[in-house]
Amino acid sequence: MAKKKDASKPPVRKAHSLAHIEALRSRRTSTIDRSMTQPSRFTCVNIAVAAVVLLIAMAVSFAYSMGEFRSIKEFNMQGSRILTGIYGAEDFEIVDDIMFISSDYRDFLKLELGKPLEQRIAETTKQGCIYTASLADLKRARDDPTVQGSDVYRPLNTIGFTQPDFHPHGLGVFKAENGSFVIMVVNHRRDGEFVEVFRLDGPDSTDLIFKTSLRHPEFVALNDVSPVNEFEFYTTNWFKNKPDTLKGVYEIAAKKPVSNAMFCRYSAANAANIACKFAARNVAMANGIRVVNESAVAYIGTLEETLVLSQIKRDSTLNPISIYRTDSFCDNVELSPTGTLIFGCHPKILTFLRHASAHTPAPLQVMEVDPSTNDPPRLLLSSAGTSAFSASSGATVYGDLLLVGTVHSDGILLAKYPPPTSSKES
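What counts, and where the lines are drawn
- Residues numbered from 1 in each chain as written.
- Predicted model: local features only at pLDDT ≥ 70, side-chain atom pairs only at ≥ 80, totals over all residues.
- Heavy atoms only, no water.
- Helix = DSSP H or I, 4+ residues; strand = E, 2+ residues; numbered from the N terminus.
- Contact = heavy atoms within 4.5 Å.
- Core = buried A, V, L, I, M, F, W, Y, C linked by side-chain atoms within 4.5 Å.
- Buried < 20%, exposed > 50% of the residue type's maximum accessible area, 1.4 Å probe, protein only.
- Disulfide = S-S within 2.5 Å.
- Arc of directions from axis to C-beta.
- Polar contact = N/O pair within 3.5 Å; in protein donor to acceptor, adjacent residues only side chain to side chain.
- Pairing = 2+ DSSP bridges.
- Axes fitted to C-alpha atoms, helices over the stretch in contact; angles between N-to-C directions.
- Salt bridge = Lys/Arg side-chain N within 4 Å of Asp/Glu carboxyl O.

A. Highlighting the side chain of arginine 142. Mapped onto the elements of the fold, arginine 142 is located in helix H4 (residues 135-143). Beyond its immediate sequence surroundings of up to four residues, arginine 142 is in contact with Asp400, Leu401, Leu414, Ala415 and Lys416.

B. Layout of the nonpolar core. Counting residues in each nonpolar core, the largest one holds 20 residues, and the members touching the most others are Met99, Ile101, Leu138, Tyr153 and Ile412. Put simply, the parts of the chain that give this core at least two residues each are strand S1 (81-87), strand S2 (89-95), strand S3 (98-103), strand S4 (129-134), H4, strand S24 (401-406) and strand S25 (410-416). Residues contacting isoleucine 101, with those up to four places away along its chain left out, are Ile86, Ala89, Asp91, Phe92, Cys129, Ile130, Tyr131, Ala133, Tyr153, Leu171 and Ile412.

C. The state of the cysteines, seen in detail. Scanning the entire structure with this criterion turns up two disulfides. The disulfide partner of cysteine 264 is cysteine 276, and the S-S distance across this bridge is 2.1 Å. Measuring handedness by torsion sign, the sulfur bridge of cysteine 264 and cysteine 276 sits at about 115 degrees and is right-handed. A residue pair is termed long-range when its members are at least 10 positions apart, and cysteine 264 in strand S13 (residues 259-266) and cysteine 276 in strand S14 (residues 274-283) qualify at 12 residues. Look at cysteine 264 and you get buried, because its relative accessible area is 0%. For cysteine 330, the disulfide goes to cysteine 345, at an S-S distance of 2.1 Å.

D. H4, seen in detail. Looking only at H4, the buried set comprises Leu135, Leu138, Ala141 and Arg142. Here the buried residues of H4 occupy an arc of 115 degrees about the axis, which is enough to place them on one side. Its side-chain oxygen placed 3.2 Å from the backbone nitrogen of alanine 136, serine 134 serves as the N-cap of H4.

E. Local environment of the sheet that holds strand S8 (residues 181-189). Across the sheet, five strands lie side by side as S6-S10-S9-S8-S7; this open sheet has mixed pairing. Every interior strand has two partners, whereas the edge strands, strand S6 (157-159) and strand S7 (168-175), have only one. For this sheet the average axis-to-axis angle between neighbouring strands, irrespective of direction, equals 35 degrees. Where strand S9 (residues 192-200) meets strand S10 (residues 207-214), five bridges bridge the pair, whose relative direction is antiparallel. Bridging from a neighbouring strand, valine 195 pairs with leucine 214 of S10.

F. Geometry of the pattern of salt bridges. Applying the stated rule across the entire model yields 22 salt bridges. Its salt-bridge partner being arginine 354, residue glutamate 68 comes within 3.7 Å of it at the nearest N-O pair. Here glutamate 68, found in the loop between helix H2 (41-65) and S1, pairs with arginine 354, found in helix H6 (residues 349-358); they are 286 residues apart in sequence, far enough to count as distant. On the basis of relative accessible area, glutamate 68 is assigned to the buried category, the value being 16%. Notably, a salt bridge pairs aspartate 96 with lysine 175, separated by 2.4 Å at the nearest N-O pair. Separated by 79 residues along the polypeptide, aspartate 96 in the loop between S2 and S3 and lysine 175 in strand S7 bring together distant segments of the chain. Through salt bridges with shared partners, a single ionic network connects Asp91, Glu93, Asp224, Arg290 and Glu334.

Limitation: the analysis is restricted to geometry and does not speak to function.
Have a look at this one:
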């Protein structure tokens, strides 16, 4: 009789050899490894698409932070006139109804890696000039189209200045007790950055008499200068590193707060004995600067989009007391005869950099701040820019006359100064 199987016991499987088991394990592991080390074509495409999207998002974010998507509307351009005959009127100041103007061909200042700034200056054939103009003549030129630039602008002859390079940038004027004008101007030379000091003996004189050249180890990339008196001044370094280096370009791209404003004093007997100290540090592109009065200084933080009004401390350093948001990348600041601060701005900084390199159109804005109030900046003029006039670097006011200068255009824009009750920001 056949013996019944015990159903409670599991079936006996045929035993495999140890070598067979190891072979199966190795085959399974090899299959897993291949699946992990050989991603599918679909996965590669996903990674590539994600990388492209990320790069596009970063580029859009960067362009947005540089103002490239701002809408710029025309405001207060109607009835304005460009009085040509002076190229690159980048900075100016009004003293005794006379406008002192810094003029130059500044193509050497464009961002260009690989060629030092000093070399580009040495290769430049065109030189700059300081001009004066009567504000009464400028106002007449705005209202009378027959008045030409040659009727208004007066070039000053530099007497005693023997350097091969004269490339005025920022400019400041102080009236001495004897009635003469002390003119300080930032000069970019092949042998470095300097503040040149001149004397003009009267408003009708055309002889700009050279007094001295001032240099200091901390003069790295000077932009503007504003005298306190004949022997003291404030000046700005708009870069910590040379603008023709990768570190300099990175300062712009990252909006690094590493530039500064300085206070300097020199001796009349020995100009080489110049003492400077940092008056303001950690500024994202310190640009225009103006002494407002004996106790206050205003300066521009271009990449911070701010105008900073500061109190002059006893040690001549600057203590910020009011910070005005400009929502534009502003350049030079001027003190108007009525005590307000007027400044020209570049709403789109990347467009301005293209303009500086290729002279393509770039938008411009002009704003005003009343330092006696906490009111935000007031828009005085705005334009998308044209091939004839772009990129305002500075502006000032005389009565109902608004004057606007540029870095790379021919002429000064003469417009109407809008009364506060009628100005509306676009």
